[in-house]
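# Observations on chain architecture
Each chain is listed here by its residues.
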Amino acid sequence: MKSKELVQRSWAEPYKIKMVELVHMTTAAERKKAIEDAGYNTFLLRSKQVYIDLLTDSGTSAMSDRQWAGMMLGDESYAGSENFYHLEATIRKYYGYKYVIPAHQGRGAENILSKVLIKPGDIIPGNMYFTTTRLHQELAGGRFVDIIIDEAHDPLSEHPFKGNVDLKKLEALVKEYGSKKIPYVCIATSVNMAGGQPISLQNLRALRDFTKKHKIKIIHDMTRVAENAYFIRMKEKGYKNKSVREIVHEICSLTDGATMSAKKDALVNIGGFLAVNDKKTYEEASNLVVVYEGLHTYGGLAGRDMEAMAIGITESVDDDHIRARVGQVEYLGNKLLEKKVPIVLPIGGHGIFIDAKRFLPHLKQKQFPAQALAAALYVDSGVRTMERGIVSAGRNADTGDHYYPELELVRLTVPRRVYTQAHMDVVAESVVEVFKKRKSISGLKMIFEPKYLRFFQARFKPL
Ligand SMILES: *Cc1c(COP(=O)(O)O)cnc(C)c1O
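All figures in this text were calculated on a predicted structure; none of them were measured in a lab. (Residues numbered from 1 in each chain as written. Predicted model: local features only at pLDDT ≥ 70, side-chain atom pairs only at ≥ 80, totals over all residues. Heavy atoms only, no water.)

### Notes on the packing of aromatic side chains
Two measures describe an aromatic ring pair: the distance that separates the ring centres and the angle between the ring planes. What the rule picks out here adds up to 10 aromatic pairs. Ring geometry for tyrosine 99 and tyrosine 282: centres 4.8 Å apart, planes at 20°, overall stacked. On the criterion of sequence distance, the pair formed by tyrosine 99 in strand E2 (residues 99-103) and tyrosine 282 in helix H10 (residues 279-292) is long-range, its members being 183 residues apart. Each member of the aromatic cluster is reached from another via a ring pair, and the members are Phe43, Phe455 and Phe456. Across the ring face of tyrosine 129, the terminal group of arginine 134 is positioned such that the distance to the ring centre comes to 4.2 Å. In this structure, arginine 388 packs its charged tip against the face of phenylalanine 455, placed 4.8 Å from the ring centre. (Phe/Tyr/Trp six-rings, centres within 6.5 Å; stacked < 30°, edge-to-face > 60°. Helix = DSSP H or I, 4+ residues; strand = E, 2+ residues; numbered from the N terminus. Lys NZ or Arg CZ within 6 Å of the ring centre and 35° of its normal.)

Put into structure tokens, the structure is as follows:
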């Protein structure tokens with residue numbers, strides 16, 4: 001499928017609006033009280049208190065009329081639903097993986113995969129951690145080790161592929177622990193925690209060669225594979241004339257299996273899957289899924305959810321769709337750059353990441369600058385964002401200390417097909433306004449800390 005490259009002055013969204021959801025405006029006084037009640041954690045706000053919601057791109061996409069029509073074709077049989085076979089065929093067609101097991105969302109698939117492949121004491125190298133992924137690796141007895149290139153930890157580096165793996169770091173791990181202790185390398189496409197940064201096909205191919213030699217699998221966290229493919233097309237030599245669909249297929253072909261949160265790229269509000277090429281892994285996983293998710297032909301989803309996912313996957317690899325999706329993020333990022341707001345460069349695929357260390361240089365990392373900035377942005381305009389810094393990083397399981405990540409970020413995550421360019425203008429104005437009065441923002445103290453994935457439910461108080 002060749003892309004329809006038009007000569008255009010500017011682009012517009014490749015869809016039009018058929019139904020609208022009214023949004024809620026609030027007063028500054030209401031927002032001040034709301035964030036206080038929410039313990040300065042944007043995850044604890046009610047959605048009614050939010051004007052423009054950039055908390056996450058997870059499960060927040062607008063489905064198409066075709067997906068909604070697909071919902072009416074839900075085959076809600078307990079076993080062997082038609083929608084499962086449609087989903088399986090779609091995954092085989094666009095991603096190329098052989099065996100498919102649905103899951104209620106990404107972490108459901110991560111749980112099953114970690115339990116099947118990881119033995120206590122194993123090492124799981126990956127291109128930067130992801131919160132739920134690392135937790136499931138740890139719960140299965142493994143230990144995550146970061147092997148992403150150093151540039152990924154530097155918000156100022158403009159390396160075009162900050163999602164790349166540093167093969168020397170992987171080689172050192174193989175030398176130290178032996179390849180038998182490394183069941184797989186976990187490779188995320190469009191690395192979330194690095195700012196939505198892509199891995200190149202050249203790097204992935206080199207990793208494939210290395211892992212083949214050492215009999216180590218590659219498991220693909222393919223949550224944002226289409227966005228990564230788009231960046232390959234734009235930035236990597238030799239891919240300008242390839243379609244996103246072709247590049248997606250090529251990425252998947254270099255890996256042995258995948259976990260997917262379909263709530264992101266695949267344009268559904270709930271769903272995910274595990275896909276593998278190896279029959280033995282599939283058989284074990286399809287047995288375990290019965291324990292945690294549901295029968296292997298529904299994995300915690302309704303038939304209609306699987307139908308919407310199958311259609312969403314097809315739409316997600318369309319060139320025009322992905323260009324508008326990433327284009328909207330770029331539009332917002334460029335507005336902030338014009339006003340010298342410090343953001344992670346290059347602009348990533350699913351959101352803008354404000355560098356809270358440079359935005360609030362008067363705060364120490366243990367005063368939770370990104371958490372404080374997300375709260376201040378909400379109070380300014382009702383725009384909801386989230387922290388990706390020390391709170392998200394959690395604590396070292398062995399020592400109990402905070403992890404102190406290099407990156408202390410506020411993520412402005414853009415939902416797919418939901419907001420217009422005018423919404424992005426409002427967001428940019430609010431960020432710039434808060435940037436002007438940044439010196440008045442004080443740090444926070446954590447007053448409640450949950451044991452797992454603390455960023456979701458922790459509570460804070462101003463210092
Ligand atoms: C969201 C996400 C997950 C987990 O998926 P859920 O559907 O939220 O359970 C895993 N990996 C990455 C990179 C993600 O962004």
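### Points about the packing of helix H7 (residues 201-213) against helix H9 (residues 244-253)
The interhelical angle for the contact between H7 and H9, taken along N-to-C directions, is 20°, at an axis separation of 10 Å. Accordingly, the angle class assigned to the pair H7 and H9 is roughly parallel. Considering the relative orientation of H7 and H9, their crossing is left-handed. In this structure, H7 uses Leu201, Leu204 and Arg205 to contact H9, whose residues at the interface are Ile247, Glu250 and Ile251. For the contact of H7 with H9, the residue count by class is four nonpolar, no polar and two charged. (Axes fitted to C-alpha atoms, helices over the stretch in contact; angles between N-to-C directions. Parallel < 35°, antiparallel > 145°, perpendicular 65-115°, else oblique. Left-handed = near helix turned anticlockwise from the far one by under 90°. Contact = heavy atoms within 4.5 Å. Nonpolar A, V, L, I, M, F, W, Y, C, P; charged D, E, K, R; others polar.)

### Concerning the site of the ligand
Taken together, the neighbourhood of the ligand is formed by 14 residues, with Arg107, Asp221, Arg224, Ser261 and Lys264 sitting nearest. Within the contact set of the ligand, an oxygen atom lies 2.9 Å away from a side-chain nitrogen or oxygen of glutamine 105. Asparagine 192 is positioned with one of its side-chain polar atoms (N or O) 3.0 Å from an oxygen atom of the ligand. Against a free-state accessible area of 380 Å², the protein chains account for coverage of 95% of the ligand. Counting residues per element, the ones that place at least two in the shell around the ligand are helix H4 (106-117) and helix H5 (131-139). It is H4 that contributes the most residues to the shell around the ligand, three residues altogether. Considering only residue class, the shell around the ligand consists of one nonpolar, seven polar and six charged. (Near = heavy atom within 4 Å. Polar contact = N/O pair within 3.5 Å; in protein donor to acceptor, adjacent residues only side chain to side chain. Areas by Shrake-Rupley, 256 points an atom, 1.4 Å probe, with all protein chains shown as cover.)

### As for the layout of surface pockets
Taken as a whole, the second largest pocket encloses approximately 550 Å³ of empty space. Only H5 and strand E4 (143-146) provide two or more residues apiece to the lining of the second largest pocket. Here the lining of the second largest pocket takes four residues from E4, the largest share from any one element. Considering only residue class, the lining of the second largest pocket consists of 11 nonpolar, four polar and seven charged. Structurally, the lining of the second largest pocket is a two-domain feature, drawing no fewer than three residues from each of domain 1 (4-57 + 319-462) and domain 2 (65-316). (1 Å grid on protein atoms, 1.4 Å probe; cavity = no way out; pocket = protein on both sides within 12 Å on 5 of 7 lines; lining within 4 Å. Points joined across faces, edges and corners; volume = space filled by probe spheres on them. Domains from an automatic or database assignment.)

### As for helix H16 (residues 421-436)
With 16 residues, H16 extends 23 Å between its outermost C-alpha atoms, agreeing within 8% with the 22 Å of an ideal straight helix rising 1.5 Å per residue. Buried residues of H16: Met424, Val427, Ala428, Ser430, Val431, Val432, Val434 and Phe435, and no others. (Expected span 1.5 Å × (residues − 1). Buried < 20%, exposed > 50% of the residue type's maximum accessible area, 1.4 Å probe, protein only.)

### Some details on the domain arrangement of the protein chain
Think of interface size as the accessible area that goes away when the parts come together; that is how it is often given. When cut into domains, the protein chain gives domain 1 (4-57 + 319-462) and domain 2 (65-316). On a C-alpha basis, the centres of domain 1 and domain 2 stand 25 Å from each other. The partner domain 2 presents 43 residues to the 34 residues of domain 1 that form the contact. Of all residues in domain 1, Ile322, Pro346 and Leu407 give up the largest surface area on contact with domain 2, accounting jointly for 17% of the area buried on that side. Here domain 1 and domain 2 share seven salt bridges between them. Run the count over domain 1 and domain 2 and you get 16 residue pairs in polar contact (both at pLDDT 80 or more). Listing elements by their share of the side of domain 1 that touches domain 2, those giving two or more residues are helix H12 (319-338), strand E9 (351-355), helix H15 (390-393) and strand E12 (409-413). The biggest single contributor to the side of domain 1 that touches domain 2 is H12, with six residues. (Buried area = accessible area lost by both parts, 1.4 Å probe. Salt bridge = Lys/Arg side-chain N within 4 Å of Asp/Glu carboxyl O.)

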